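# Fold and geometry: a report
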Amino acid sequence: MSGNDNRVIIFDTTLRDGEQSPGASMTRDEKLRIAKQLEKLRVDVIEAGFAIASPGDFASVKAIAEAIKDSTVCSLSRALDGDIDRAGEALRNAVSGRIHTFIATSPIHMQYKLQMQPDQVVENAVRAVKRARNLIDDVEFSLEDASRSELDFMCRIIEQVIDAGARTINIPDTVGYAVPDEYGNTIRQLIERVPNADKAIFSVHCHNDLGLAVANSLAAVNAGARQVECTINGLGERAGNASLEEIVMALRTREDVLGLTTGIDTTQIVPASRLVSSVTGFPVQPNKAIVGANAFAHESGIHQDGVLKHRETYEIMTAEDVGWNTNRMVLGKLSGRNAFRTRMEELGTTFVSDAELNTAFARFKELADKKSEIFDDDLIALVSDARASA
Ligand code: KIV
Ligand code: ZN
C-alpha cells in the first residue's frame, strides 16, 4: 500500500501528543470543539487521546468517537491488554475507529525502560496487534524511538505485526534525533526490505527537538511514507511535533516537486490554529509559518511595492487559501451581533448557545466603548474571559 498513490493521509494528534505539552491539558468540551474543527479541516484521522490514561481521557475519546462522522477517530494504547480493551471500549460507537498501539524498539528503551529482551518485545507487539484486531478492523502499530532502533530488528517486528493484522506502521522519531536524508533512507529501506510492506501504509511521526520535524516528515513522504502524524501549531511534547499547517502547505505549494496531495480544506487552517491557541493558552509566535500574524504581512517599502505590482513577487501562497480573512470587516461599537458571531467563527470559536453568544457580545460592546480598534486577540481574550467566568 505504501508509495502506491500520491495521497498523503493526515493524522492529527493535537488532542493526544499535543496535549502532552506541559500546560496544554484540555477539558472534554474543549477537546470536542477542537475535534469538530479538525473534522471541518478534513483531517483523515483524529487521535483523540489515550483512553486508559484517566477517566477524563476515556470520556473525551468516547465523546469524540460518538460526535465525529467524517474522520477516523483513534485512541492510543500501550501494547498491554488493559490499554487495548479500554481503547476498544471508548471507540465502540465510532463510525470509523482505529486502535493505535505501540512499544519501544530501540536498544536503550528496551534495556532500561521496558527491561525486556528483543524477542519479548516482538511477542508483546504481535499479541497487542492481534488483540486490537479482535476489537476493530483498523489497527496502527508504532515502533517507539524508531529513529534510534536497529534496521534489522525493525524489519523483523514490522513483518510480524503486519502478519498479525496491523494496517498502518508508524516509524516515530520520538526524540527528534533524525536528520532528513537519514530518516528518508530508513523509510525507503524499510519499505524495500519488509517482505509484506505492500499490505500496510507507512507513517511518520516526528518531534521537533532539532527543529527538523517538518523537514524529516517531508523526506519520509518523499521516500514512500503515506501518512504523516502532526499537530496544529506544532503543539506537543518538549519542542513539539511536526506542524500540520506547514506540512500541508508545503505539499500543496510544492506539489510540482513532491507530486503529493492531501484532502485538507486549507481554508480551515487559521481557524483551527486560533482555536487551539485560545483553548491551550499557547500563543502563536508572530513569525510562525502559515498561521503567525506576520506570515502574510509586508513591512518594507520594496516588498509592499512589489506585492502591489504583482502579488507573487513576494507571496508563494495566498492568505485566503489558509483561511486568513483579508477583507475582514472592522469591528467596533456599531457592529451587530451577527458580524460579531461571524468574525468569532472565522477565528475558530463557535458559541454553544445563544446565552453564551449574548454574554460575549455584551462584553464586546463594553470593550468597543473604551477602544476604537478591536483586534482579533482582543476578541479571543474576551471570549475566553466570558467562558472562564460563566
Ligand atoms: O513520539 C512517539 O513515539 C509517540 C508514539 C506513542 C507514537 O508519540
Ligand atoms: Zn510523539
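The numbers attached to residues start from 1 for each chain and follow its sequence in the written order. Chains carry letters and ligands carry numbers; both start at the beginning, A for chains and 1 for ligands, and go up in the order they are written. This being a predicted model, a pLDDT of at least 70 is required before a residue's local features are given, and a value of 80 or more before pairs of side-chain atoms are given or counted; all residues contribute to the totals for chains, interfaces and linings. The side-chain quantities take in all heavy atoms of the structure and omit both hydrogens and water.

### A word on the coordination of the zinc ion (ligand 2)
Tetrahedral coordination by four donors sets the ideal angle at the metal to 109.5 degrees; octahedral coordination by six donors sets it to 90 or 180 degrees. Counted as coordinating are nitrogen, oxygen and sulfur atoms within 2.8 Å of the metal, or 3.2 Å for Na, K and Ca, while water is not included, which may make sites look incomplete. Around the zinc ion (ligand 2), the donor atoms from the protein are Asp 17 (OD), His 205 (NE2) and His 207 (NE2), and they sit 2.0 to 2.1 Å away. The motif formed by the donor residues of the zinc ion (ligand 2), counted along the single chain, is D-x187-H-x1-H. Of the two residues, Asp 17 sits in the loop between strand S1 (9-12) and helix H1 (28-40) while His 207 sits in the loop between strand S7 (201-206) and helix H8 (213-222), which places them 190 residues apart along the sequence. His 207 sits in the buried class, given a relative accessible area of 5%. In DSSP terms, a helix is any run of H or I states spanning at least four residues, a strand is any run of E spanning at least two, and both are numbered starting from the N terminus. Only protein chains enter the accessibility calculation, which uses a 1.4 Å probe. A residue is then buried if its area is under 20% of the maximum for its type, exposed if over 50%, and partly exposed in between.

### Re the site of ligand 1
The cutoff for a nearby residue is simple: one of its non-hydrogen atoms must lie within 4 Å of the molecule or strand. Lining the immediate surroundings of ligand 1 are Arg 16, Asp 17, His 100, Phe 102, Ser 142, Glu 144, Asn 170, Pro 172, Thr 174, His 205 and His 207. N or O atoms within 3.5 Å of each other form a polar contact, as long as, within protein, one can give a hydrogen and the other can take it, and as long as residues adjacent in sequence are counted only when both atoms are side-chain atoms. One of the side-chain N or O atoms of Arg 16 is found 2.9 Å from an oxygen atom in ligand 1. The contact in question runs from an oxygen atom of ligand 1 to an N or O atom on the side chain of His 205, over 3.1 Å. For ligand 1, whose accessible area on its own is 260 Å², the fraction buried by protein is 95%. Those elements giving two or more residues to the shell around ligand 1 turn out to be strand S4 (97-104), strand S5 (139-144) and strand S6 (168-173). The residue classification treats Ala, Val, Leu, Ile, Met, Phe, Trp, Tyr, Cys and Pro as nonpolar and Asp, Glu, Lys and Arg as charged. All others, Gly included, are polar. A breakdown of the residues in the shell around ligand 1 according to their chemical character gives two nonpolar, six polar and three charged. Computed with a 1.4 Å probe, the accessible areas rest on the Shrake-Rupley method; for each residue, only the protein chains presented here act as cover.

### Thoughts on helix H5 (residues 118-135)
An α-helix turns once every 3.6 residues. As a result, residues three or four positions apart point the same way. Helix span, expected: 1.5 Å multiplied by one less than the number of residues in the helix. Counted at 1.5 Å a residue, the expected span for H5 with its 18 residues is 26 Å, and the 26 Å between its end C-alpha atoms agrees. When we look at burial in H5, the residues that qualify are Val 121, Val 122, Asn 124, Ala 125, Val 126, Ala 128, Val 129 and Ala 132. Looking at the packing, one finds that the buried side of H5 touches helix H3 (81-90), S4, helix H4 (107-114), S5 and helix H6 (151-164). Here, residues are in contact when the closest pair of their heavy atoms is within 4.5 Å.

### Focus: H3
Within the sequence span of H3, burial applies to Asp 83, Ile 84, Ala 87, Gly 88 and Ala 90. Each buried residue of H3 sits inside an arc of 165° when the element is viewed along its axis, so together they form one side. For H3, the elements touching its buried residues are helix H2 (55-67), strand S3 (72-78), S4 and H5. What the arc measures is the spread of directions leading from the helix axis to the C-beta atoms.

### A short note on the nonpolar core
Grouping buried Ala, Val, Leu, Ile, Met, Phe, Trp, Tyr and Cys residues that are joined through side-chain atoms within 4.5 Å yields what is termed a nonpolar core. Membership of the largest hydrophobic core comes to 96 residues, with the highest contact counts inside it found for Phe 141, Ile 158, Ile 169 and Ile 171. If you tally residues by element for this core, the top one is H6, at eight residues. For Ile 169, the residues in contact, after removing those within four places along its chain, are Phe 141, Leu 143, Ile 158, Val 161, Ile 162, Ala 200, Ile 201, Phe 202 and Ser 203.

### Quick word on the packing of helix H7 (residues 180-193) against H8
In the contact formed by H7 and H8, the axes pass within 8 Å of each other and the chain directions differ by 35°. For the crossing formed where H7 meets H8, the hand is right-handed. Of the residues in H8, those touching H7 at Pro 180, Tyr 183, Gly 184, Ile 187 and Arg 188 are Ala 215, Asn 216, Ala 219, Ala 220 and Asn 222. Of the residues contributing to the contact of H7 with H8, the split by class is six nonpolar, three polar and one charged. Between N-to-C directions, angles span 0 to 180 degrees; the directions come from axes that are lines fitted to C-alpha atoms, helices contributing only their stretch in contact. Take the far helix as your reference; a near helix turned counterclockwise from it by less than a right angle gives a left-handed crossing, and one turned clockwise gives a right-handed crossing.

### A closer look at the pattern of salt bridges
Pairing of side chains with opposite charge becomes possible as their charged atoms draw close. When a carboxyl oxygen of Asp or Glu is within 4 Å of a side-chain nitrogen of Lys or Arg, the pair counts as a salt bridge. The full count for this structure, using the stated rule, is 26 salt bridges. Lys 31 is the partner of Asp 57 in a salt bridge, and the nearest nitrogen-oxygen pair spans 3.1 Å. Of the two residues, Asp 57 is situated in helix H2 and Lys 31 in helix H1; the sequence distance between them amounts to 26 residues. Lys 31 matches Asp 57 in its accessibility class, with the two residues each being buried. Note that Lys 62 and Glu 66 form a salt bridge whose closest N and O atoms lie 3.0 Å from each other. Linking Lys 62 with Glu 66, this pair stays in helix H2, spanning four residues, or about one helical turn. You can call Glu 66 partly exposed: its relative accessible area is 32%.

### Notes on the side chain of Ser 147
By the element assignment, Ser 147 lies in the loop between S5 and H6. Classification of Ser 147 by relative accessible area gives buried; the value is 19%.

### Examining the packing of aromatic side chains
Each aromatic ring pair is described using two quantities: the centre-to-centre distance and the angle formed by the ring planes. Aromatic rings from Phe, Tyr and Trp, taking only the six-membered ring of Trp, are treated as a pair when their centres fall within 6.5 Å; an angle between ring planes under 30 degrees marks them as stacked, one over 60 as edge-to-face, and anything in between as tilted. On inspection of all chains with the given rule, the structure shows four aromatic pairs. Aromatic pair Phe 340 and Phe 364: ring centres 5.1 Å apart, planes at 20°, arrangement stacked. Residue Phe 340 is located in helix H13 (residues 337-346), and its partner Phe 364 is located in helix H14 (residues 354-370); the two are separated by 24 residues in the primary sequence. Like Phe 340, the residue Phe 364 is buried in the burial classification. Through a chain of ring-to-ring contacts, the aromatic side chains of Phe 340, Phe 351, Phe 361 and Phe 364 assemble into a single cluster.

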